[in-house]
Amino acid sequence: MAVKLAWVGALAMGMIFLCSPVVSMFTDHFGCRKTAVGGATVAFIGLLSTSFATSLTLRYFTYGILFGCGSSFAFQPSLVILGHYFRRRLGLANGVVTAGASLFSMGLPVLLQEVAKPLGLSRTFQIISIFMLVQALLALTFRPLLPVGQGCGPGGMPSSTSGPPGAQQAVGGGGCGGGGGATMAQASRWSRALAQVRRYFNLRVFHIVTYRVWAFGVATAVLGYFVPYMHLFKETEKEWVLLVCIGASSGVGRLAFGKIGDHVPGLQKIYMQATSFLVLGLMCILIPQCWVFEGLVGVCVLLGLCDGCFLTLMAPVAFELVGPMRASQAIGYLLGLMAVPMTAGPPIAGLLHDYFGNFTLAFSLAGVPPVVGAVVLFLVPLIHRRLQAGQAAGRALPEDPGPTDHMLSPGQPTGEPKSSSNGGMLPGYTDVETHI
C-alpha cells in the first residue's frame, strides 16, 4: 500500500520534471508569460478535479499527471524570467523567489491540518486550487526584457532567432526587405515545420562537455533526493515540526546561498552544489540512527539547507555553463533528466518498506546516489579548466564549443540596457510579446 500511495506524489513531482524539455520549447516559442499562465491554469484544473476524484487511480491522473504537468509549465518560466533582469545578483534573485516556496511549506501544513479535519479532503483540495489561480494572475506580470541590437525587429533585434543570416531568412523570413517573404513563399510547409522544430528543440547544449557531466551528476544525485521528503514524516507523529524545520532552513538556505553564490566566480558555484548533495546523502544515511526526535530535527534542518543551496544555484550554474541564450533549454533538459530518478526513488523506498517492514534500509540506500552525484559534480570545474587550457594551447576539439565561448560576459557598461551576452534574444523572449 505504501508503494501505491507514494506513486501519487512521486508521479506529480516526476511530471514536473519530465515535462521540462517541452516547457523549454513553449517558453522559447510563446514566451514566459503565456507559458506560466497556461501552466498555472492547468494545475488549477488538476487540483479542482482532484477534489471530486473518488478513487486512487483517478487521482493518479488528476493530481499526478494534470497537476504535475501544469506545475511544470508554471514553474520553469519563473526561473527563466529572472535571467532577463539579473546578472550579477542572479543567485540572490533566485533565492528570494524560491524562498517564497519555503514560507508556504512552513505555513501550509499547519493550515491544511486545521482545514482538512472539519472540511474534509475534497474541500481542502478546492482551497489549495485557489492558490494556483492566484499564481496564474501573478504570472501575467512577467515582462520580458527587450534586448538591444542592430536588426530591424523589436527593440532593434531581428525577428527570428540568432544565427547566420541565411538561417534567419530560411526560418523566419528575416531581413528588412522583401527577400525574406519571397523565401518563405518558396519554402514548403514541411521545411518550415522542420525548421521550427530544429529551432526550438535542439540538443546543442549537450555539445558542451561540462554541461553533460553536470547534468549527469545532478540526475544521479536526485535518485535518493526526494525519499526523506516523502517517507520521513510517516515515521513520527510530530510531522508538522519536521516540515516547519525543513521549510524554515530551506528558506534561509536559499537566501543565504543565493547571496553567497553571487560572490563565487564562475563554475566555482558547482562546489557549493556538490557539497550540498554530499551532506544530504550523509543525512539520509544517518536518519535510521536518530533514536531521539531532536536528532531528526537536526537532520531536517541540514536537509533544508542542502535543498535551498541546490535549488537556488541551479539556474545560475546553468547560465554559467551554457550562457543566457541556451539557459532555458539547459534548465529544461536538466529537469527532464531528473524526472525518472526523482520519480522512481520514493516508490522504490516504499517497496523496500513493504518487504522489510521499516524504512531503515531505504533511508540508508537513499543516501548513496547523492554522494555519487556529489563526486561527479566536483569534477566539473576540473574538466572546465582542462578544456580551457586545451583551448589556449590550440588543442580544443572542433565539435565542442570553447569552454568560455558560451559563458556569461562580465557585465554591461554602466547606463547601457541589458541584453544577452552574444547579441541574441534572451530565453523566453519572443516576438509575440513585443507589444509590451
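In this text, all values refer to a predicted model and were calculated from it rather than measured experimentally.

1. Section: the overall build of the chain
So, step 1. Looking only at helices and strands, the chain has 17 helices and zero strands in total.
So, step 2. Burial statistics for the chain: of 436 residues in total, 48% are counted as buried.
So, step 3. Long-range contacts, defined as pairs at least 24 residues apart, comprise 81% of the intrachain contacts of the chain with a sequence gap of at least 6.
So, step 4. When the accessible surface of the chain is summed, it comes to about 19900 Å², and 69% of that surface belongs to carbon and sulfur atoms.

2. Re the packing of helix H10 (residues 209-221) against helix H17 (residues 368-392)
So, step 1. H17 packs onto H10 with a crossing angle of 170 degrees between their chain directions and a minimal axis gap of 7 Å. Considering the angle they form, H10 stands roughly antiparallel to H17. Contacts between H10 and H17 pair Val209, Thr210, Val213, Trp214, Phe216, Gly217, Val218, Thr220 and Ala221 from the former with Pro369, Pro370, Val372, Gly373, Val376, Leu377, Val380, Ile383, His384 and Leu387 from the latter.

3. Description of the packing of aromatic side chains
So, step 1. Per the counting criterion, the structure on display carries 12 aromatic pairs.
So, step 2. Taken together, a centroid distance of 5.5 Å and an interplanar angle of 70 degrees make the contact between Phe206 and Tyr211 edge-to-face.
So, step 3. On the basis of relative accessible area, Phe206 is assigned to the partly exposed category, the value being 23%.
So, step 4. Measuring from centroid to centroid gives 4.9 Å for Tyr355 and Phe356, while their planes differ by 80 degrees, and the two rings are edge-to-face.
So, step 5. A residue is classified by how much of its surface remains accessible, and Tyr355, at 67% relative accessible area, is exposed.
So, step 6. Here the aromatic residues Phe206, Tyr211, Trp214 and Tyr333 are joined through ring pairs into a cluster of three or more.

4. Brief notes about the pattern of salt bridges
So, step 1. Inspection of every chain in the model, using the stated rule, returns two salt bridges.
So, step 2. With a shortest N-O distance of 2.9 Å, Arg254 and Asp307 are connected by a salt bridge. In this pair, Arg254 is assigned in helix H12 (residues 239-262) and Asp307 in helix H14 (residues 293-322), connecting sequence segments 53 residues apart.
So, step 3. Using a relative accessible area of 9% as the deciding quantity, one classes Asp307 as buried.
So, step 4. Here Lys269 makes a salt bridge to Glu320, at a shortest N to O gap of 3.4 Å. Placement of the pair is Lys269 in helix H13 (residues 269-286) and Glu320 in helix H14, with a sequence separation of 51 residues.

5. Looking at the packing of H13 against H17
So, step 1. At a closest axis distance of 7 Å, the pairing of H13 and H17 adopts a crossing angle of 165 degrees. One way to sum up the angle between H13 and H17 is to call them roughly antiparallel. For the element pair H13 and H17, the recorded crossing hand is left-handed. Contacts from Ile270, Tyr271, Gln273, Ala274, Thr275, Phe277, Leu278, Leu280, Gly281 and Leu282 of H13 reach H17 at Pro370, Val371, Ala374, Leu377, Phe378, Val380, Pro381, Leu382 and Arg385.

6. Quick notes on the nonpolar core
Soluble globular proteins tend to bury their nonpolar side chains together.
So, step 1. Membership of the largest hydrophobic core comes to 64 residues, with the highest contact counts inside it found for Tyr211, Trp214, Val218, Leu321 and Met338.
So, step 2. Within the second largest apolar cluster, 11 residues are counted, among which are Ala12, Ala43, Phe67 and Phe125.

7. Side note on a nonpolar patch on the surface
So, step 1. Residues Leu103, Phe104, Leu111, Leu119, Ile127 and Phe131 make up a contiguous nonpolar surface patch of roughly 550 Å² in combined accessible area.
So, step 2. Secondary structure elements with two or more residues in the nonpolar patch: helix H5 (90-119) and helix H6 (121-139).
So, step 3. Considering each element in turn, the nonpolar patch owes the most residues, four residues, to H5.
So, step 4. Within the secondary structure layout, Leu103 lies in helix H5.
So, step 5. Overall, Leu103 belongs to the exposed group, its relative accessible area being 57%.

8. Here's the deal with the side chain of Lys269
So, step 1. A residue is classified by how much of its surface remains accessible, and Lys269, at 6% relative accessible area, is buried.
So, step 2. At 3.0 Å, the side chain of Lys269 and the backbone oxygen of Val264 are in polar contact.
So, step 3. At a separation of 3.4 Å, a polar atom in the side chain of Lys269 contacts the side chain of Glu320.
So, step 4. Once residues within four sequence positions are removed from consideration, Lys269 is found in contact with Gly261, Val264, Leu313, Pro316, Val317 and Glu320.

9. Comments concerning H12
So, step 1. Between the first and last C-alpha of H12 there are 34 Å, a value that for 24 residues agrees with the 34 Å anticipated at 1.5 Å per step.
So, step 2. Buried residues of H12: Val241, Leu242, Cys245, Ile246, Gly247, Ser249, Ser250, Gly251, Gly253, Arg254, Gly258 and Gly261, and no others.

10. Some points on helix H2 (residues 20-30)
So, step 1. Among the residues of H2, those classed as buried are Ser20, Pro21, Val23, Ser24, Thr27 and Asp28. Buried residues along H2 cover an arc of 155 degrees about the axis, so they all sit on one side.
So, step 2. Backbone geometry just downstream of H2 places Gly31 in the positive-phi region, at approximately 95 degrees.

Analysis parameters
- Residues numbered from 1 in each chain as written.
- Predicted model: local features only at pLDDT ≥ 70, side-chain atom pairs only at ≥ 80, totals over all residues.
- Heavy atoms only, no water.
- Helix = DSSP H or I, 4+ residues; strand = E, 2+ residues; numbered from the N terminus.
- Buried < 20%, exposed > 50% of the residue type's maximum accessible area, 1.4 Å probe, protein only.
- Contact = heavy atoms within 4.5 Å.
- Areas by Shrake-Rupley, 256 points an atom, 1.4 Å probe, with all protein chains shown as cover.
- Axes fitted to C-alpha atoms, helices over the stretch in contact; angles between N-to-C directions.
- Parallel < 35°, antiparallel > 145°, perpendicular 65-115°, else oblique.
- Phe/Tyr/Trp six-rings, centres within 6.5 Å; stacked < 30°, edge-to-face > 60°.
- Salt bridge = Lys/Arg side-chain N within 4 Å of Asp/Glu carboxyl O.
- Left-handed = near helix turned anticlockwise from the far one by under 90°.
- Core = buried A, V, L, I, M, F, W, Y, C linked by side-chain atoms within 4.5 Å.
- Patch = residues over 30% accessible without salt bridge, like charges linked within 9 Å, V, L, I, M, F, W, Y side chains within 5 Å.
- Polar contact = N/O pair within 3.5 Å; in protein donor to acceptor, adjacent residues only side chain to side chain.
- Expected span 1.5 Å × (residues − 1).
- Arc of directions from axis to C-beta.

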